[in-house]
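Summary of the model geometry
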Amino acid sequence: MHSYNRVTVDPRALRQNFRIIQQRAGAGVKILAMVKADGYGHGMIEAARVFASAGCRVFGVAETREAVRMREAGIEGEILIMLGISREHVDLVLRHDLSPLVCRIETVEQLSDAAARLGRKVGVHLKVDSGMSRFGLLPDQVDPFLDRMSTLPAVYIAGIVSHFSQADDPDSDNTRESYARYAAMCDRINGRSPGIRHIANSGGIFYFPATCGDMVRPGISLYGYYPDGKAGAGRARGDRLIPAMTFTSQVLQVKTVPAGTGVSYGHTYITPRQARLAIIPVGYEDGYFRSLSNRGEVLIRGCRAPIRGRVCMNICIADITDIQGVTAGDEVVLMGRQGRESITADEIADWVGTISYEVLCLIGNNNERIYINEDI
Ligand SMILES: *Cc1c(COP(=O)(O)O)cnc(C)c1O
């Protein structure tokens, strides 16, 4: 039984974006595909399979449970657990051959003990803080950490990780400074132990190519968006990223109301003239933000129709006075292309004051999702 609403993902767009990123980063650079947040709303497993088919061998998730789900679905290659692990996850890491980020020595000790008992060695990615002030070792904590780690027999450093706070801004000095701090920490660590270097997110890859290191970690760009939204899309030329997600619904009812009619909760919109309205079964429950009330637009019959009144939990109302021939059952595109018009996640993000990332996660993770053009 299908919903009126659906998210459609085009794997050809995902694959093309992967190829563009590989070209940008350089042929020898590994790509870790970020599939956290259920693949930014595109489906973690499905997206990982598509990236794997394009040659991807490394994946990133937030938590251990996602990594286990990936393995249970048959995803091979390396899976990094970006938020690290706690004691209860140690056995799962070993059983499923996962790669946690670490910055607490206790965790590394627990891993070493468990791996030693199995006669194995486990690789970890050392998380350092080069200016984001999220989790990670500060520069003065690196040497004491390595001193203690060198006494543990069954763990080794597979990678050295940091993260940029402003790489979505091509002019950010902060990114160059953060990279310099990171590179200095890497030099010290690599002086004692090998381990690949990876810091670049989408902003790093597109705006600071010198930071690509041994591996890059794209998220938003794999799904077709630039980290700085429309500005990035505007700068792009030949190898433009392609948004992979479309969000559609259908018209439930069409009605004509006289001038002076209040629309939806609170009557925040009063028709200034006789109006035709389309009732659409989409609301904030479906990730269609309430703050799109009297602000958003949708596509019907290839034309833009403004949202009137408040977006409800499961319903919103669009003004189709100027669009000819709309009837119940017509397709409504809330995000994506219809005819010559299109609405991007960046545009929706601008309407509500957020970023494409949040739009994709909320819409993608709250609707029936299908992949087109291929069996996944
Ligand atoms: C989410 C995330 C990324 C990907 O960032 P994008 O801006 O989506 O490319 C890379 N690295 C880390 C540590 C992350 O948390």
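Look above for the structure.
Rules and cut-offs
- Residues numbered from 1 in each chain as written.
- Predicted model: local features only at pLDDT ≥ 70, side-chain atom pairs only at ≥ 80, totals over all residues.
- Heavy atoms only, no water.
- Pairing = 2+ DSSP bridges.
- Helix = DSSP H or I, 4+ residues; strand = E, 2+ residues; numbered from the N terminus.
- Axes fitted to C-alpha atoms, helices over the stretch in contact; angles between N-to-C directions.
- 1 Å grid on protein atoms, 1.4 Å probe; cavity = no way out; pocket = protein on both sides within 12 Å on 5 of 7 lines; lining within 4 Å.
- Points joined across faces, edges and corners; volume = space filled by probe spheres on them.
- Nonpolar A, V, L, I, M, F, W, Y, C, P; charged D, E, K, R; others polar.
- Domains from an automatic or database assignment.
- Near = heavy atom within 4 Å.
- Polar contact = N/O pair within 3.5 Å; in protein donor to acceptor, adjacent residues only side chain to side chain.
- Areas by Shrake-Rupley, 256 points an atom, 1.4 Å probe, with all protein chains shown as cover.
- Sits in = over half its atoms within 2 Å of the grid points.
- Core = buried A, V, L, I, M, F, W, Y, C linked by side-chain atoms within 4.5 Å.
- Buried < 20%, exposed > 50% of the residue type's maximum accessible area, 1.4 Å probe, protein only.
- Contact = heavy atoms within 4.5 Å.
- Disulfide = S-S within 2.5 Å.
- Parallel < 35°, antiparallel > 145°, perpendicular 65-115°, else oblique.

**Considerations on the sheet that holds strand 17 (residues 316–319)**
- One open sheet holds the three strands; their spatial order is 11-14-17, and the pairing between them is antiparallel. Where the open sheet ends on each side, the last strands, each with one partner, are strand 11 (253–257) and strand 17. When strand polarity is set aside, the average angle formed by the axes of neighbouring strands in this sheet is 30°.
- The pairing of strand 14 (residues 275–280) with strand 17 spans four bridges and is antiparallel. Bridge assignment links isoleucine 280 to a residue of strand 17, and that residue is cysteine 316.

**Here's the deal with the layout of surface pockets**
- Estimated volume of the largest pocket: approximately 580 Å³.
- If you go around the largest pocket, you meet 28 residues; those closest to its centre are Lys36, Tyr40, Arg134, His163 and Asn201.
- Going through the elements one at a time, helix 2 (36–40) and helix 9 (202–207) are the ones with two or more residues in the lining of the largest pocket.
- For the lining of the largest pocket, the residue count by class is 16 nonpolar, seven polar and five charged.
- Volume-wise, the second largest pocket comes out at about 390 Å³.
- Forming the walls of the second largest pocket are 21 residues, and the residues nearest its centre are Pro243, Met245, Thr246, Gly336 and Arg337.
- Those elements that place two or more of their residues in the lining of the second largest pocket are strand 1 (6–9), helix 1 (11–25), strand 10 (245–250), strand 18 (331–338) and strand 19 (341–343).
- Looking at the lining of the second largest pocket element by element, the count peaks at five residues for strand 18.
- Looking at the lining of the second largest pocket, you find at least three residues from each of domain 1 (11–235) and domain 2 (245–343).

**Points about the site of the ligand**
- Lys36, Tyr40, Ser202, Ile220 and Tyr357 are the nearest of the 13 residues found near the ligand.
- The side chain of lysine 36 places a nitrogen or oxygen atom 2.6 Å from an oxygen atom of the ligand.
- At 2.5 Å, a side-chain N or O of serine 202 approaches an oxygen atom of the ligand.
- The fraction of the free accessible surface of the ligand (390 Å²) that becomes covered by protein chains is 91%.
- Judged by its atoms lying within 2 Å of the grid points, the ligand is housed in the largest pocket.
- Tallied by class, the residues present in the shell around the ligand amount to six nonpolar, four polar and three charged.

**Regarding the nonpolar core**
- Residues Phe51, Met70, Tyr288, Val298 and Ile300 are the most contacted members of the largest nonpolar core, which totals 119 residues.
- Two domains each donate at least three residues to this core, and these are domain 1 (11–235) and domain 2 (245–343).
- Non-local contacts of methionine 70, meaning those with residues more than four positions away in its chain, are made with Val35, Met44, Ile45, Ala48, Phe59, Val61, Ile75 and Ile79.

**Focus: helix 11 (residues 345–352)**
- Taking burial as the measure, the eight residues of helix 11 include seven buried ones, the bulk of the element.
- Check the buried side of helix 11 and you find it contacts helix 10 (230–235), strand 15 (297–300), strand 16 (303–306), strand 18, strand 19 and helix 12 (356–364).
- At the C-terminal side of helix 11, glycine 353 shows a positive phi close to 75°.

**Thoughts on the side chain of asparagine 17**
- Along the polypeptide, asparagine 17 turns up in helix 1.
- At a separation of 3.0 Å, a polar atom in the side chain of asparagine 17 contacts the main-chain carbonyl oxygen of leucine 222.
- For asparagine 17, the side chain forms a polar contact with the main-chain nitrogen of isoleucine 242, separated by 2.8 Å.
- Apart from residues lying up to four places away in sequence, asparagine 17 is in contact with Ser221, Leu222, Tyr223, Gly224, Leu241 and Ile242.

**Focus on the environment of valine 155**
- Looking at the element boundaries, valine 155 is found in strand 7 (residues 155–161).
- Through-space distance from the C-alpha of valine 155 to that of glycine 309 is 59 Å; in sequence the pair is 154 residues apart.
- Apart from the residues within four sequence positions on either side, valine 155 is in contact with Val108, Leu111, Ser112, Val122 and Met149.

**Re the side chain of glutamate 347**
- Following the sequence through the fold, glutamate 347 ends up in helix 11.
- For glutamate 347, a relative accessible area of 16% corresponds to the buried category.
- Those residues within four positions of glutamate 347 in sequence are excluded, and the remaining contacts are Lys230, Arg304 and Ser342.

**A word on the state of the cysteines**
- Here the structure, examined in full by the defined rule, presents zero disulfides.
- Free of any disulfide, cysteine 212 has its nearest neighbouring cysteine sulfur in cysteine 186, separated by 14 Å.
- Taking relative accessible area as the criterion, cysteine 212 reaches 3% and is therefore assigned buried.
- Here cysteine 361 stays free of any disulfide, with the sulfur of cysteine 56 as its closest cysteine sulfur at 18 Å.

**Looking at the packing of helix 11 against helix 12**
- Where helix 11 contacts helix 12, the axes come no closer than 8 Å and their chain directions differ by 105°. In terms of orientation, helix 11 lies roughly perpendicular with respect to helix 12. Residue-level inspection shows Ala345, Asp346, Ile348 and Ala349 of helix 11 in contact with helix 12, the latter providing Ser356, Val359, Leu360 and Ile363.
- Here the residues of the contact of helix 11 with helix 12 are counted per class, giving six nonpolar, one polar and one charged.

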